[in-house]
Amino acid sequence: MTGAIVKLGFLHIGPPEHGVCRYGRLLAAEARRRSQLDVLEQDVVLTGSSQDVARLYQAAIALSQMQVVHIQFTELIWGADVLCYENLGQFFRACRSPIVVTIHDTEPPQSLLEMVGWRGRFRSGWQWGKATIRGWLTDLGMGDRASLNNAEIRRWLVSRSAASLVCTQEEGRRLKAVVPPTHGSRIQVIPHYIEPRQFHFSRQEARQELDLEGHRVVALIGFIYDGKGYRLLVEALPLLPADVLVVFAGGAAPGAEPFVEELLQRADALQVRDRLRITGYLPELEMEKYLLATDVPVCPYEVCYASSSLASWFSAGRAILTSDLPQFREYAVLAKGAVCTFFPYTPEALVEQIHVMLASLEVPHPAALQLKQQLAIEAVFDRHLQCYQMHSEQ
C-alpha cells in the first residue's frame, strides 16, 4: 500500500558519536524540518545485558504507531555474534509498521561463501553446506570468517524489510549477490548525503589553534581500526618531506587499542614518531578544525563500504586522495576531480600522489563544492521520502 507520509519513525541504535548512528540521527533531523511530517525517534544503546530485549520491545511498540520506520544496520551497533540476530529479531517481531533499513558495511561476496547462498548447489543441504564451508575456512587458517555471517544476516534483513537501502552502487551489487533474485527489487541505492556545516573558523585560524603552522598536513579521520590504511600511511611517512605531518584525527574503535599501539611502535621504529599525531576522539568543533586545516585528506582504505569520512571531507569542500576502490570511483564519476586515487596499493604510489595534490592545492576545491551541492542532505532526504512513500501504510 502507498499513501501520503505523515508519521515517520526512526530507531537510533548505538552511541551517538558512532558514524552509522549519526547517519540516522541527521536524517531524522532533516525529517523534522519538513512541516508535513510527524517524526518520532527512539534511542536504544545496547549493553549486552538482559535489559536489551525489553528496550528494543518498548521502542518497537512506540514506533508501531508510525506509517513507516527507518533503522540503520551494521553489526557493531546491534550486538556481537548471535546477539545481533536476537536483537534484530526482537525488534522486527514487535514493530507493526513497515521497516526500511539502511544496510552499511556489506563485504564483497566470496566465491566459496556464495555456495551457501541461493545460487549454491548445496541449497537443499543448507546446514551441511554451511558446516562444510566453515570447515574449509578453518583448514585455510581463516577461522569463522565474518564474511559468512555478513552475507547471512543481510539476506535475513532484506527478506524481512519493506526496503533495503545502500549508499553506493558497489554495495548494491554486493547485496544482490547474496540474496534470492526475487528479493533484489527490494534493494535501492541512495547516496550518502553530505551534511551542511557552518564553520566557526577560517582555515588559517584552524591551523593556528591546532599548532599546525609550518607543517603540511596529511590527515585520515574517524575511528581507528585495521583496514583503513593507517599502516600504509605510517610506512609512507619516511618517504615524505620533513615538513609533512600525518594526523590520525580520531580515536581507537572499541577493541582496537592494541592496533593503535602497534602503529605507534612502527612509527618509533621508522623514526617518524614526532611527525605523527593521533588526536583521540574529537568533539565536533575540533574535528571541523582538522577538516579545514588539512592540506591533503586521505582515505587509503584497503576495504571500503560506504564511508562517512568522505562525506565529512566533502562538507568542507575538500578534494580527497583515496585508494582505487569501486565506491570511491563512483564519487569520481559524479564530480571529476573531487576524488583522486593512487595505485598500486604501496607507500610509494601513495607518496607520489600526495606530492601531486600538495603541488596543486585548492581549498576549497570546485569539484568538491559541486558534489556538496549535488548530494546535499535536503536532496538526499527527498529520495528517502519517496522510498518511505512507496512502502507506507494508508
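The rules we used
Residues numbered from 1 in each chain as written. Predicted model: local features only at pLDDT ≥ 70, side-chain atom pairs only at ≥ 80, totals over all residues. Heavy atoms only, no water. Salt bridge = Lys/Arg side-chain N within 4 Å of Asp/Glu carboxyl O. Helix = DSSP H or I, 4+ residues; strand = E, 2+ residues; numbered from the N terminus. Phe/Tyr/Trp six-rings, centres within 6.5 Å; stacked < 30°, edge-to-face > 60°. Buried < 20%, exposed > 50% of the residue type's maximum accessible area, 1.4 Å probe, protein only. Expected span 1.5 Å × (residues − 1). Contact = heavy atoms within 4.5 Å.

**Q** What am I meant to see in the pattern of salt bridges here?
**A** One side chain can pair with another of opposite charge once the charged atoms of both are near each other. One pass over the full model with this rule turns up 23 salt bridges. A salt bridge links Asp382 to Arg34; the shortest N-O distance between them is 2.7 Å. Of this pair, Asp382 sits in helix α17 (residues 377–391) while Arg34 sits in the loop between α1 (19–32) and β2 (38–44); the two residues are 348 residues apart in sequence, bridging distant segments of the chain. A network of salt bridges, in which partner residues are shared, links Arg22, Glu195, Arg197, Glu284 and Glu288.

**Q** When you look at the packing of aromatic side chains in this model, what are you seeing that I'm missing?
**A** The way to describe two aromatic rings as a pair is by their centre distance and the angle between their planes. Enumeration according to the criterion identifies ten aromatic pairs in this entry. Judged by centre distance (4.6 Å) and plane angle (85 degrees), the ring pair of Tyr230 and Phe248 falls under edge-to-face. With Tyr230 in helix α10 (residues 230–236) and Phe248 in strand β8 (residues 244–249), this pair connects stretches of sequence that are 18 residues apart. Neither residue differs from the other here; Tyr230 and Phe248 are each classed as buried. Aromatic pair Tyr230 and Phe259: ring centres 6.4 Å apart, planes at 75 degrees, arrangement edge-to-face. Taken together, the positions of Tyr230 in helix α10 and Phe259 in helix α11 (residues 257–269) put the pair 29 residues apart, joining distant regions of the chain. The residues Tyr230 and Phe259 share a single accessibility class, namely buried. An aromatic cluster is defined as three or more aromatic residues linked by ring pairs; in this entry it consists of Phe10, Phe381 and Tyr388.

**Q** I tried to follow α1 on my own but got confused; where do I start?
**A** What sets the pattern is the α-helix's 3.6 residues per turn: residues three or four places apart point alike. For α1, which comprises 14 residues, the first-to-last C-alpha distance of 20 Å matches the rise-based estimate of 20 Å (1.5 Å per residue) to within 8%. All of the buried residues along α1 are Val20, Cys21, Tyr23, Gly24, Leu27, Ala28, Glu30 and Ala31. At its buried positions, α1 is contacted by β1 (7–13), β2, β3 (68–73), α3 (75–78), β4 (99–103) and α17.

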